[in-house]
Amino acid sequence: MKEIKILVSDDEKSWRELILARILRSAGYTVKTESNIEDTLARLEKEYFHLVFADICFSQDDHTNTDGVQTVKAIASRKEGTKTIVLTGYGTVDLAVKTLKEYKVFDFLEKGEGIDQSVILEIVSGAVKEARNILNSSFLTVRPLDLFSPLTLHDITAKIELKEQSFIWLMKHLLREVYPINIDDDIAEIQGDHRHYVFTRSLWSRMLGRKVRFYIGQIDDVEKIASLDDSSCLVKSTEAQGMGIILEDT
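The model shown is predicted, which means the values in this text are computed figures rather than measured ones.

### Quick notes on the side chain of Lys 83
If you trace the backbone, Lys 83 turns up in strand E4 (residues 83-88). Lys 83 sits in the buried class, given a relative accessible area of 15%. Residues in contact with Lys 83, not counting those within four places in the same chain, are His 50, Leu 51, Val 52, Phe 106, Ala 127, Glu 130, Ala 131 and Ile 134.

### Section: the packing of helix H6 (residues 153-160) against helix H7 (residues 164-178)
Running from N to C, H6 and H7 cross one another at 100°; their axes reach a closest spacing of 10 Å. In this view, H6 runs roughly perpendicular relative to H7, as classed from their interaxial angle. In this structure, H6 contributes Leu 153, His 154, Ile 156, Thr 157 and Ile 160 to the contact, and H7 contributes Glu 164, Phe 167 and Ile 168. The residue makeup of the contact of H6 with H7, split by class, is five nonpolar, two polar and one charged.

### Re the sheet that holds strand E3 (residues 51-55)
The five strands are arranged E2-E1-E3-E4-E5 in an open sheet whose pairing can be described as parallel. Here the strands that pair on one side only, and so sit at the sheet edges, are strand E2 (30-34) and strand E5 (107-110). For this sheet, the mean inter-axis angle between neighbouring strands, taken without regard to orientation, is 20°. Judged from the four bridges that link them, E4 and E5 form a sheet pairing that is parallel. Paired with Leu 87 across the strands is Leu 109, a residue of E5. Sheet strands touched by helix H1 (residues 13-26): strand E1 (5-9), E2, E3, E4 and E5. Its angle to E2, the strand with the most contacts, is close to 165°. Where helix H3 (residues 69-78) meets the sheet, its contacts fall on E1, E3 and E4, and the angle it forms with E3 comes to roughly 155°.

### A few points about the nonpolar core
Counting residues in each nonpolar core, the largest one holds 28 residues, and the members touching the most others are Phe 148, Phe 167, Met 171, Phe 199, Phe 214 and Ile 216. Only helix H5 (117-139), H6, H7, strand E8 (197-205), strand E9 (210-218) and strand E11 (243-249) provide two or more residues apiece to this core. No other element matches the seven residues that H7 contributes to this core.

Calculation rules
- Residues numbered from 1 in each chain as written.
- Predicted model: local features only at pLDDT ≥ 70, side-chain atom pairs only at ≥ 80, totals over all residues.
- Heavy atoms only, no water.
- Helix = DSSP H or I, 4+ residues; strand = E, 2+ residues; numbered from the N terminus.
- Buried < 20%, exposed > 50% of the residue type's maximum accessible area, 1.4 Å probe, protein only.
- Contact = heavy atoms within 4.5 Å.
- Axes fitted to C-alpha atoms, helices over the stretch in contact; angles between N-to-C directions.
- Parallel < 35°, antiparallel > 145°, perpendicular 65-115°, else oblique.
- Nonpolar A, V, L, I, M, F, W, Y, C, P; charged D, E, K, R; others polar.
- Pairing = 2+ DSSP bridges.
- Core = buried A, V, L, I, M, F, W, Y, C linked by side-chain atoms within 4.5 Å.

By themselves, these are just geometric observations and shouldn't be taken as functional.
Shown next as structure tokens:
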């Protein structure tokens, strides 16, 4: 099961680190934090989160500051199913309610004393469940064939000696690990020498927040090419069919 990723965006360290991040990490969630709007937007550009806690007002002194709405807009524009919980303080509840309706955020949480940890975790659980359902549905609409360009399925499977259905299964297996993705400028290619061939493709994984390269072919050929690279690799194989995938940091 994939780790559940949550981003907490808030300029108040006590709420960001000592309250929300601590509660969420103790519940087993993977949590990252940002303290300003610029870094929040930059991280959202590169990385997917199931849930984002978004402070609506990035100023403890200026309650007319509404920079946090940019976070909600950025999440809504991607349409990846990320859920948002808006954080509000003094004087911003009305704005939070308006934002909730306009951008269909999941809920809002009013800062203050007497915060109930169990209530927070219950809200988070519901938001994460919805995000995962949307993500899984979106994944099913991704076509592995879109990642072959300029090669054809026949070109690939004939060269690396795999059945077409087996190759498609491996592609879907890999995409499930790294989706959602951004397809970059790298093209698909056949890599190898006169005896060992594998299909290779690079892309940006928003799920992992980094660029990855994957290889598909006969397991011996995949492991041979992997041994020539110093990067740490995750090898996935189906022993009975003699095939493998390598997911590699680049």
